[in-house]
Amino acid sequence: GEDVEQSLFLSVREGDSSVINCTYTDSSSTYLYWYKQEPGAGLQLLTYIFSNMDMKQDQRLTVLLNKKDKHLSLRIADTQTGDSAIYFCAEAQAGGFKTIFGAGTRLFVKA
Amino acid sequence: NAGVTQTPKFQVLKTGQSMTLQCAQDMNHEYMSWYRQDPGMGLRLIHYSVGAGITDQGEVPNGYNVSRSTTEDFPLRLLSAAPSQTSVYFCASRPDSVQTGELFFGEGSRLTVL
């Protein structure tokens, strides 16, 4: 069945780059998402990439997709303390009804 | 613009009690869903609905019931609460039933079952 895996914790210093990694198993996934959850809040979409793309850049965020290895990464440049949150990788199929989430990576940013 | 509203935000139940978590959205979204969030396990889909009168099971449906009598509301019922149902519950919606675009999440309902 579908599965999405990601490491649970990442700690970086303020100003450094953060790289959060994710692997997924469903080769028919069409949409791959990164959601951000701040303390006490629901998830909010951060960015997404279609499976026919290799890379997407949006200001400080860069998403890389290696479809052969089913590996997705999120790079946050110049990480700030406000980036401290849980980041969820998620995948979905076109025409499907379910979005499958990973366990979430808790990002700690040290000042 | 309220978005997705969940009530209550916090609830404590005793084993065997029943309760309903409410979810309402004011965006005229076709698709609504319920997830539970547990440490180290991420979000797991409980039930979802692709429109009024249509519901289906997700990954972990046992112990939960849902109904969708209107486009706006999608309540989640716990029939006989168990400690294993202690979790944070999120309602999420999106504009259409076919998989495109982002999910919009409520702020969550934290449930403790003693």
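Rules used throughout
- Residues numbered from 1 in each chain as written.
- Chains lettered and ligands numbered in written order.
- Predicted model: local features only at pLDDT ≥ 70, side-chain atom pairs only at ≥ 80, totals over all residues.
- Heavy atoms only, no water.
- Helix = DSSP H or I, 4+ residues; strand = E, 2+ residues; numbered from the N terminus.
- Buried < 20%, exposed > 50% of the residue type's maximum accessible area, 1.4 Å probe, protein only.
- Pairing = 2+ DSSP bridges.
- Axes fitted to C-alpha atoms, helices over the stretch in contact; angles between N-to-C directions.
- Polar contact = N/O pair within 3.5 Å; in protein donor to acceptor, adjacent residues only side chain to side chain.
- Contact = heavy atoms within 4.5 Å.
- Patch = residues over 30% accessible without salt bridge, like charges linked within 9 Å, V, L, I, M, F, W, Y side chains within 5 Å.
- Areas by Shrake-Rupley, 256 points an atom, 1.4 Å probe, with all protein chains shown as cover.
- Salt bridge = Lys/Arg side-chain N within 4 Å of Asp/Glu carboxyl O.

**Q** How should I be thinking about unusual backbone geometry in this particular structure?
**A** Comment: phi is negative for the bulk of residues other than glycine, and the bulk of peptide bonds are trans. Note the cis peptide between Thr7 of chain B and Pro8 of chain B, where omega equals -5°. On the secondary structure map, Pro8 of chain B appears in the loop between strand 1 (4–7) and strand 2 (10–13). Positive phi is not limited to glycine here, since Lys70 of chain A has a value of about 55°. Assignment of secondary structure puts Lys70 of chain A in the loop between strand 7 (61–66) and strand 8 (71–76). Since its relative accessible area comes to 23%, Lys70 of chain A is described here as partly exposed.

**Q** Teacher, can you tell me more about the sheet that holds strand 3 (residues 19–25) of chain B here?
**A** Strand pairs in the sheet, formed through backbone hydrogen bonds, run parallel or antiparallel to each other. Residue and element names in this part refer to chain B. Strand order in the open sheet formed by four strands is 1-3-8-7, with antiparallel pairing between adjacent strands. Where the open sheet ends on each side, the last strands, each with one partner, are strand 1 and strand 7 (64–66). Strand-to-strand, the axes of this sheet are offset by a mean angle of 20°, without reference to chain direction. Note that strand 7 and strand 8 (residues 76–78) share three bridges and pair antiparallel.

**Q** Got a minute to help me understand the side chain of Arg36 of chain B in this structure?
**A** Residue and element names in this part refer to chain B. Residue position: Arg36 is located in strand 4 (residues 31–38). Here the side chain of Arg36 touches Tyr64 through a polar contact of 2.9 Å, side chain to side chain. When sequence neighbours within four positions are dropped, the list of residues in contact with Arg36 reads Gly42, Leu43, Arg44, Ile46, Val60, Tyr64, Ser84, Gln85, Thr86, Ser87, Val88 and Tyr89.

**Q** Even after reading the chapter, I still don't get a nonpolar patch on the surface, so can you show me in this structure?
**A** Taken together, the side chains of Leu8, Phe9 and Phe108 of chain A present a nonpolar region at the surface, about 310 Å² in accessible area. Note on placement: Leu8 of chain A falls in the loop between strand 1 (4–6) and strand 2 (9–13).

**Q** Could you clarify how one ought to interpret the pattern of salt bridges in this entry?
**A** Note that side chains of opposite charge can pair when their charged atoms are close. Residue and element names in this part refer to chain B. Enumeration according to the criterion identifies six salt bridges over all chains in this entry. Here Asp38 makes a salt bridge to Arg36, at a shortest N to O gap of 2.8 Å. Across the salt bridge formed by Asp38 and Arg44, the nearest N and O atoms sit 2.8 Å from each other. The two residues Asp38 and Arg44 agree in class, both being buried. Through salt bridges with shared partners, one network takes in Arg36, Asp38 and Arg44.

**Q** For this particular structure, what's the right way to read the sheet that holds strand 6 (residues 55–58) of chain A?
**A** Residues and elements named next belong to chain A. Across the sheet, five strands lie side by side as 1-3-8-7-6; this open sheet has antiparallel pairing. Edge positions in the sheet fall to strand 1 and strand 6, since each of these pairs with one other strand and no more. Strand-to-strand, the axes of this sheet are offset by a mean angle of 15°, without reference to chain direction. In the sheet, strand 6 pairs with strand 7 via four bridges, with the strands oriented antiparallel. Opposite Met55, over in strand 7, you have Leu64 as the bridge partner.

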